[in-house]
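An overview of the molecular structure
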Amino acid sequence: MAQRAMWLVSHEPGTLLCGTVRFSRRYPTVEKRAKVFNGATYVPIPEDDPFLKALLFELRLLDDDKDFVESRDSCSHINKTSIYGLPVGGEELWPVVAFQKNGMIYACVPLVEQTLSPHPPLISISGISQGFELLFGIQDFLYSGQKNDTELNTKLSQLPDLLLQACPFGTLLDANLQNSLDSINFASVTHPQKQPAWKAGTYKGKPQVSISITEKVKSMQYDKRDVADTWQVDGAVTCKCDLEGIMPNVTISLSLPTNGSPLQDILVHPCVTSLDSAILTSSSIDAMDDSAFSGPYKFPFTPPLESFNLCYYTSQVPVPPILGFYQMKEEEVQLKITVNLKLHESVKNNFEFCEAHIPFYNRGPITHVEYKVSFGQLEVFREKSLLIWIIGQKFPKSMEIGLSGTVTFGAKGHEKQPFDQICIGGTAYLKLHFRILDYTLTGCYADQHSVQVFASGKPKISTNRKLISSDYYIWNSKAPAPRPPRSMGGAFWTTEHPFSMCHSAMCALPQGRNDHLQTSVEETFRPDSLRFHKQMTLSNFIGKRVAVGVQPYNCCSYCNWR
């Protein structure tokens, strides 16, 4: 006897959704049992919004629900039991225990320990009677002595802790929630709640919650057949919760669109009180497949006073936002450059800014430039040996732009000219800088209506998101370039400095040998090959995955000297 999930929904005619989910609770351990018991007939618990819509439809509580629906309104479907089957995602979620009282809809989904097709007799499902007992207990608790909305909000904020006592892991122990309330001494019943040591004070003022999602995209592109391009998205969710009370509770849900890229390697702030196991086990180490957890990602927490990072994540998106190639060739006393950039069709074409920086290292100042751009404008910084292509806020309708020209340099100075130990000869790069507001590459967003706040007063909730470039390089395809490990699969990359050698006296190879520095990483990791004796760089070592807890260090691929 257990419950898979429960909801409290306030019916609000005339509003957009005709109702609001005031409280919800899911039990992942019970859900795993349901998956085993129900087998092929298993239907997963939906998110709050689709559940709310399906429930109000089935109860005939939608404002525009005036048409006859045979599957619901025919004489053969007269409901006398308060047990419903809700249409969710083309399937039927059954059994759903639901009833309405005092403008509040109480609902839960009991665990059925057998296949659901055909529907077993209700009397054989012990979780149904337990579900009624639990919902009636919650109703009695909410409305016993309740006089106004403030008291109702206070009792709703106490429910998460009460259910830990009364219904742990979805199994009802005590339907009288007042007993649980007395046993854990809530502030509203006994004595004032103690101020936690980590919270220096309390907030006084208008309640508000702000949520910001920032994604940074990295990329290294080569335009070469033998070197794969790599890219990665790193995300951070920042919150600021101005809420009255000593220990207010907030739940934020991150959602993805249908074609969104699942979030992985999620790290959460210590204030998060619980997490679905699927969130914790989603890792970029594992191969991506259709069964990867794609949300929603729920984070219940008790916020600190200051702004804080609720969570960090990574994601393996299918393509980088901007694809390009960069070609640079030396012709007599000048350099000939060609650049082509293309914005992927799935990316929002509305930038706060977008620029391409083209530096020229280990050369003299720029004395002359001849160029042609198909879009935007070019700025020349002669002393810095730098070209900045200002693309602006939008790509043209073709989504593709180009730059070509020649650059002439003067005599090389001593200190003022930029120097780089990687960009020698034809080895050069273009670096993109851009920012897109109200957009994330994964599609991740925080829906204002899904934010649950258990505190006095109704807070103002604001959300924003943005995508920012970070270390976004396009290397000259006409010359050697630092290579990321191929084993990274587009997940990680760093810049390689291929100018070192092994200095171990115990190494069997001649000291100082550092040939074949541009070999592939697969070859670098072969300890039986004398040809590829060299010191492993940080980028090569990260190919072994920092995520499994290994620390980077210098190591010879032959003798393992470090």
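Look a little higher up for the structure.
In this convention, every chain numbers its residues from 1, walking through the sequence in written order. Owing to the predicted nature of the model, reporting of local features is limited to residues with pLDDT of at least 70; listing and counting of side-chain atom pairs is limited to 80 or more, with chain, interface and lining totals taken over all residues. Side-chain figures throughout are based on the complete set of non-hydrogen atoms in the structure, without hydrogens or water.

Our focus in this paragraph is the overall build of the protein chain. When you go through the protein chain residue by residue, the secondary structure sums to nine helices and 24 strands. Only protein chains enter the accessibility calculation, which uses a 1.4 Å probe; a residue whose area is less than 20% of its type maximum is buried, one above 50% is exposed, and one in between is partly exposed. Counting the 562 residues in the protein chain, one finds 49% classified as buried. Of the roughly 27,600 Å² of accessible surface on the protein chain, 53% is carried by carbon and sulfur atoms. Numbering goes from the N terminus for both helices and strands, where a helix is a DSSP run of H or I of at least four residues and a strand is a run of E of at least two. Values of accessible area rely on a 1.4 Å probe in the Shrake-Rupley scheme; residue burial ignores everything except the protein chains shown.

Our next topic: the sheet that holds strand β5 (residues 104-110). To summarise the sheet geometry, strands pair through backbone hydrogen bonds and adopt either a parallel or an antiparallel arrangement. Between any two strands, at least two bridges found by DSSP are needed for them to pair. Strand order across the open sheet formed by five strands is β2-β1-β5-β4-β3, with antiparallel pairing between neighbours. Of all the strands in the sheet, the pair left with one neighbour each is β2 (19-26) and β3 (83-88). Adjacent strand axes in the sheet meet at a mean angle of 30°, parallel and antiparallel pairs treated alike. Taken together, the five bridges between β3 and strand β4 (residues 91-101) define a ladder with antiparallel strand orientation. Its bridge partner being in β4, L86 is matched across the sheet by L93. Residue contacts are counted whenever heavy atoms from the two residues lie within 4.5 Å of one another. To define axes, lines are fitted to C-alpha atoms, for helices over the stretch in contact only, and angles between the resulting N-to-C directions are given on a 0 to 180 degree scale. Where helix α1 (residues 28-38) meets the sheet, its contacts fall on β1 (3-11) and β2, and the angle it forms with β1 comes to roughly 115°. Packed on one face of the sheet, helix α4 (residues 126-143) meets β1, β3, β4 and β5 and runs near 150° to β5.

With their axes 9 Å apart at the nearest point, α4 and helix α5 (residues 149-166) run at an angle of 140° to one another. Taken together, the axes of α4 and α5 are oblique relative to one another. For α4 against α5, the interelement crossing comes out right-handed. Of the residues in α5, those touching α4 at L134, I138, F141, L142 and Y143 are L152, K155, L156, Q158, L159, L162 and L163. Side-chain classes are defined by residue name, with Ala, Val, Leu, Ile, Met, Phe, Trp, Tyr, Cys and Pro counting as nonpolar, Asp, Glu, Lys and Arg as charged, and the others, Gly among them, as polar. Here the contact of α4 with α5 is built from residues that sort into 10 nonpolar, one polar and one charged. Angle categories are assigned with fixed cut-offs, so that under 35 degrees is roughly parallel, over 145 is roughly antiparallel, 65 to 115 is roughly perpendicular, and the rest are oblique. For any helix crossing, the convention is left-handed if the near helix is rotated counterclockwise from the far helix by under a right angle, and right-handed if that rotation is clockwise.

So, about the pattern of salt bridges. Definition used for salt bridges: Asp or Glu carboxyl oxygen within 4 Å of a side-chain nitrogen of Lys or Arg. Counting across every chain of the model gives 11 salt bridges. D438 is paired through a salt bridge with R465; the nearest N and O atoms lie 3.9 Å apart. Of this pair, D438 sits in the loop between β19 (429-437) and β20 (445-446) while R465 is found in strand β22 (residues 460-475), placing the two residues 27 residues apart along the sequence.

Below, the discussion takes up the sheet that holds strand β16 (residues 377-381). Taken together, nine strands build an open sheet; the order of strands is β9-β11-β7-β6-β22-β19-β14-β17-β16 and the sheet is mixed. At either margin of the open sheet sits one strand with a lone partner, and together these are β9 (264-268) and β16. Each strand of the sheet is rotated relative to its neighbour by a mean of 15°, with strand direction disregarded. In this sheet, strand β11 (residues 308-315) lies alongside strand β7 (residues 230-242) in antiparallel orientation, the contact comprising seven bridges.

Among buried residues, the Ala, Val, Leu, Ile, Met, Phe, Trp, Tyr and Cys ones that are joined through side-chain atoms within 4.5 Å form a nonpolar core. Counting residues in hydrophobic clusters, the biggest one holds 39 residues, and the most contacted among them are I322, Y326, L341 and F360. For this core, the element with the highest residue contribution is strand β13 (residues 334-343), accounting for five residues. When near neighbours in sequence (up to four residues on either side) are disregarded, Y326 contacts I337, T338, V339, I358, F360, A428, Y429, L430, I474, W475, N476 and S477. L134, L152, L156 and L163 belong to the second-largest nonpolar core, a separate cluster that totals 38 residues.

In this description, the term disulfide denotes a pair of cysteine sulfurs within 2.5 Å. By the definition in use, this model includes zero disulfides. In this structure C167 is a free cysteine whose sulfur lies 9.1 Å from that of C108, the closest cysteine sulfur available.

We now examine the pairing of β1. Among the nine residues of β1, eight are classified as buried, and the element is accordingly described as predominantly covered. Here seven bridges tie β1 to β5, and the two strands are oriented antiparallel to one another. By the bridge assignment, W7 is partnered in β5 with A107. Where β1 lies against β2, seven bridges are found, and the strand directions are antiparallel. Looking at the pairing, L8 lines up with F23 of β2.

This part takes up α1. Buried within α1 are the following residues: V30, E31, A34 and N38. For α1, the arc enclosing every buried residue in end-on projection is 100°, short of the 170-degree limit, so these residues lie on one face. Pointing more than 90 degrees away from the buried face of α1 are the exposed residues K32, K35 and V36. Taken together, the buried residues of α1 touch β1. The positive-phi residue at the C-terminal boundary of α1 is G39, with phi of around 60°. Our arc is simply the arc of the directions from the helix axis toward the C-beta atoms.

Moving on to the packing of aromatic side chains. Here the aromatic set is Phe, Tyr and Trp, taking the six-membered ring for Trp, and pairing holds for ring centres within 6.5 Å; pairs whose planes are under 30 degrees apart are stacked, those over 60 apart are edge-to-face, and all others are tilted. Taken as a whole and assessed by the stated rule, the structure comprises 14 aromatic pairs. Summarising the aromatic geometry, the rings of W7 and F51 are spaced 3.6 Å apart at their centres and angled 10° between planes, so their arrangement reads as stacked. Linking W7 in strand β1 with F51 in helix α2 (residues 48-58), this pair joins segments that are 44 residues apart in sequence. Comparing W7 with F51 shows no difference in burial state: the two are buried. Ring geometry for F99 versus Y106: centroids 5.3 Å apart, planes at 20°, classification stacked. Put simply, the rings of F99, Y106, F132 and F136 pair up and form one aromatic cluster.

To continue, consider α4. The terminal C-alpha atoms of α4 lie 27 Å apart, and with 18 residues this matches the ideal 26 Å at 1.5 Å per residue to within 8%. Two residues or fewer past α4, G145 is found with a positive phi of approximately 75°. A helix is expected to span 1.5 Å multiplied by its residue count minus one.

As for its position among the elements, N476 is in the loop between β22 and α8 (521-524). What makes N476 buried here is its relative accessible area of 1%. When residues no more than four places from it in sequence are discounted, the contact partners of N476 are K224, Y326, Q327, M328, G426 and A428.

If you trace the backbone, Y473 turns up in strand β22. Look at Y473 and you get buried, because its relative accessible area is 13%. Between the alpha carbons of Y473 and Q221 there is a distance of 6.4 Å; along the sequence they are 252 residues apart.

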